[in-house]
Amino acid sequence: MTIVRVGLIGYGYSGATFHAPLIATVNGLVIARIASSNADKVRHDFPDVTLAQHPDGVISAPDVDLIVIATPNNTHHLLAKQALLSGKHVVVEKPFTVTTAEAAELVELAAEKNRVLSVFHNRRWDNDFLTVRRCIESGMLGEINTYESHFDRYRPDVRQRWREQDVPGGGILYDLGSHLLDQALVLFGRPHTLFADIGIQRTGGAAVDYFHLVLGYGAKRVLLHSGAIIRRSGPRFQVHGSVGSYIKQGLDPQEDALKAGQRPGDTRWGIEPESAYGHITREHQGTVVDERVETLTGSYQTYYQGIFDALTRGTPVPVPAGDALNVIQMIEHARRSSREQRVIAVNKELTHATAH
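Our subject in this report is the structure included herewith. (Residues numbered from 1 in each chain as written. Predicted model: local features only at pLDDT ≥ 70, side-chain atom pairs only at ≥ 80, totals over all residues. Heavy atoms only, no water.)

Notes on the side chain of Asn122
With respect to the helices, strands and loops of the structure, Asn122 is situated in the loop between β6 (117-120) and α6 (127-137). Accessibility expressed as a relative area gives 3% for Asn122, which makes it buried. Those residues in contact with Asn122, other than ones at most four positions away along the chain, are Phe18, His179 and Tyr300. (Helix = DSSP H or I, 4+ residues; strand = E, 2+ residues; numbered from the N terminus. Buried < 20%, exposed > 50% of the residue type's maximum accessible area, 1.4 Å probe, protein only. Contact = heavy atoms within 4.5 Å.)

Quick look at the sheet that holds strand β2 (residues 29-35)
If you walk across this open sheet you meet the six strands as β3-β2-β1-β4-β5-β6, and the pairing is parallel. Every other strand in the sheet has two partners, leaving β3 (50-52) and β6 as the edge strands with one partner each. When strand polarity is set aside, the average angle formed by the axes of neighbouring strands in this sheet is 25°. Here four bridges tie strand β5 (residues 89-93) to β6, and the two strands are oriented parallel to one another. Paired with Val92 across the two strands is Val119, which belongs to β6. Where helix α1 (residues 13-24) meets the sheet, its contacts fall on β1 (4-9), β2, β4 (66-69), β5 and β6, and the angle it forms with β1 comes to roughly 175°. (Pairing = 2+ DSSP bridges. Axes fitted to C-alpha atoms, helices over the stretch in contact; angles between N-to-C directions.)

Some remarks on the nonpolar core
Grouped together as the largest cluster of nonpolar side chains are 66 residues, with contacts concentrated most on Phe96, Leu117, Ile136, Tyr147, Leu213, Leu215 and Leu224. By residue number, the principal contributor to this core is helix α7 (residues 172-188), which donates ten residues. In this view, Leu215 contacts Leu181, Ala184, Pro191, Thr193, Leu194, Lys220, Arg221, Val222 and Leu224; residues no more than four positions away in its chain are not counted. Among the nonpolar cores identified, the runner-up in size contains 33 residues, and Leu29, Phe46, Trp269 and Ile307 belong to it. (Core = buried A, V, L, I, M, F, W, Y, C linked by side-chain atoms within 4.5 Å.)

Okay, structure coming up:
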């Protein structure tokens, strides 16, 4: 079997909870090196993996084919650039970069070096999003007029961590907003207009902890929302079309399963109980009916299987870098819209990835 040797940079929450376990589930992907200041945790979880104290110890290593960057957002650009210049293939934790200019530079560099460059937008494989996508693309809701997606949390206390500080790439617009924007772009493409209300609601907050985005597609509206002091969340998804409506409560269970030590392949991985299924309300044979819709199985492991296939078989990458560049562009539009308190006209052309 072909082996792809992986170097992981960063072993904080993202690296330890998502990347390392998911990489380890794919036959052919082997973690060879990890760069982290948390040596005890790395040695506990991967006693046979070479530990590096600095990213250079992974990037320059001759026994590494693929670099996975799971570090603070404002370091993504520099580390990815160094890895590409060293001839490595690269996966970057979302958000891709902090600015569109940084993202565009990496896309161009990957194309120049003929290297795979992808971004870990894992929530394309949330079980609820997979189900929403099927409902929309199958036509069972008719022509979509309103799509509303919430990712709310109850975290009233500001914690001392970089995600909640006033630093480039900090705040939930870059964190959770990148997920919601990526999902919207997958479903509907680039909007014609964008309006954003962004702010800080928590006492003592330094970084954005609230956003409400309105993406305009002619008559269709896409509403993306997140807050940090939501004690009881409403629906995760509300999708309304000319034929019917789909309403879904709750979050995909895969993140909690990973935190609990479960792994893809375990019993009921990515599956939720029937009581958590969403509902479709529509007319059937002249009668309005409400039906439960079985939630598809979530599969975060599909991302890294796709990376392995892209490197060994030349198949398309699961998330092209150009897609992730578009997300960063939308975040920049949103920040400008909120700052100027106006609707932003978005250019219609999609940015196409030139990297593999």
